[in-house]
Amino acid sequence: MSDFEKIKENFEQFVSIIKRFEDENLSTLVESLEQRIATSPANAQKDEYGCEDGGLIASMLETLTMIRKLDAATGKQCDPKSLYKVALLHDIGRIGTTSEEYCLPQDSDWHYEKLGLVYKRNQNLYQYNPVQFTFQLLTNYGVKLSEEEYNAIQSISLNKPLNHLGKLLLAARLITNY
């Protein structure tokens, strides 16, 4: 399967799950930022997870698979809608803001060869945590999060679980992304 076909397949899977939420605002966010969501890398450096075109979606889908397994293993059973929402949206801020991309095409052979930077980090945005952009994007499009979902995603910034769902998210990311 070519890279393009894999990106397309992952994005179609992502969209099919998003549609199940029956949230018009969430659907609008995904439709408006479709190309960026589909093709964005999760990280800029080649030794970091998701450092490839479409790496963000691939990473979020892997996180979803793992968080579901961890939820089943704990026996606590989180609300499935919250579980899916947190897994699929926690890193959406890695695309950047509505107007600026977080990772830009690399235009320096030196940075690529010596530092392994496959993408250039947008200096206007890189000093901020991507979770801030996740919340900004969700707010801009009117996507509502429950307190449990918000705290689970916020757990990433703090690198400390704020609730059971946050504990599952951090564990799933640790297992799949590092």
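Keep in mind it's a predicted model, so treat the numbers as computed, not measured.

Rules behind the numbers
Residues numbered from 1 in each chain as written. Predicted model: local features only at pLDDT ≥ 70, side-chain atom pairs only at ≥ 80, totals over all residues. Heavy atoms only, no water. Helix = DSSP H or I, 4+ residues; strand = E, 2+ residues; numbered from the N terminus. Buried < 20%, exposed > 50% of the residue type's maximum accessible area, 1.4 Å probe, protein only. Contact = heavy atoms within 4.5 Å. Phe/Tyr/Trp six-rings, centres within 6.5 Å; stacked < 30°, edge-to-face > 60°. Lys NZ or Arg CZ within 6 Å of the ring centre and 35° of its normal. Polar contact = N/O pair within 3.5 Å; in protein donor to acceptor, adjacent residues only side chain to side chain. Axes fitted to C-alpha atoms, helices over the stretch in contact; angles between N-to-C directions. Left-handed = near helix turned anticlockwise from the far one by under 90°. Nonpolar A, V, L, I, M, F, W, Y, C, P; charged D, E, K, R; others polar.

### Overview of the side chain of Thr 63
At step 1: Secondary-structure assignment places Thr 63 in helix H4 (residues 55-74).
At step 2: With a relative accessible area of 0%, Thr 63 lands in the buried category.
At step 3: Aside from chain neighbours lying at most four places away, what touches Thr 63 is Ala 87, His 90, Leu 169, Ala 172, Arg 173, Thr 176 and Asn 177.

### Structural notes on helix H5 (residues 80-89)
It helps to recall that an α-helix has 3.6 residues per turn; residues three or four apart then point in one direction.
At step 1: Burial of H5 is extensive: eight of the ten residues sit out of reach of the surface.
At step 2: Inspection of H5 places Ser 82, Leu 83, Tyr 84, Lys 85, Val 86, Ala 87, Leu 88 and Leu 89 among the buried residues, and these make up the whole buried set.
At step 3: Among the structural elements, helix H1 (3-20), helix H2 (24-32), H4, helix H7 (130-140), helix H8 (147-158) and helix H9 (164-177) are those in contact with the buried residues of H5.

### Here's the deal with the packing of aromatic side chains
At step 1: Counted according to the given criterion, the structure contains five aromatic pairs.
At step 2: Ring centres of Tyr 102 and Phe 133 lie 6.0 Å apart, and the angle between their planes is 65 degrees; this geometry places the pair in the edge-to-face category. Of this pair, Tyr 102 sits in the loop between H5 and strand S1 (103-105) while Phe 133 sits in helix H7, and the two are 31 residues apart along the sequence. The same class applies to Tyr 102 and to Phe 133, which are both buried.
At step 3: Pairing Tyr 128 with Phe 133 gives two aromatic rings, centres 6.0 Å apart and planes at 80 degrees, and the pair type is edge-to-face.
At step 4: Judged by relative accessible area, Tyr 128 falls into the partly exposed class, the value being 39%.
At step 5: Connected via pairs of aromatic rings, a cluster forms that spans Tyr 102, Tyr 126, Tyr 128 and Phe 133.
At step 6: In this structure, Lys 46 packs its charged tip against the face of Tyr 112, placed 5.8 Å from the ring centre.

### Brief notes about the environment of Tyr 119
At step 1: Within the element layout of this structure, Tyr 119 appears in strand S2 (residues 119-121).
At step 2: Each C-alpha atom, one on Tyr 119 and one on Asp 107, is 8.3 Å from the other, the two residues being twelve residues apart in sequence.
At step 3: Setting aside its immediate chain neighbours within four residues, Tyr 119 contacts Pro 41, Asn 43, Ala 44, Cys 51, Glu 52, Asp 53, Cys 103, Leu 104 and Gln 106.
At step 4: Among the polar contacts listed, one links the side chain of Tyr 119 to the side chain of Asp 53, at a separation of 2.7 Å.

### Let's talk about the packing of H5 against H8
At step 1: Relative to each other, H5 and H8 sit at 35 degrees, their axes nearing to 10 Å. Read as a crossing pair, H5 and H8 show a hand that is right-handed. Only Glu 148, Glu 149, Ala 152 and Ile 153 of H8 make contact with H5, whose side of the interface consists of Ser 82, Lys 85 and Val 86.
At step 2: Its residues placed into classes, the contact of H5 with H8 shows three nonpolar, one polar and three charged.

### Description of the environment of Glu 31
At step 1: For Glu 31, the position within the fold is in helix H2.
At step 2: The exposure class of Glu 31 is exposed, given its relative accessible area of 56%.
At step 3: C-alpha of Glu 31 to C-alpha of Gln 136: the two residues are 105 residues apart in sequence and 17 Å apart in space.

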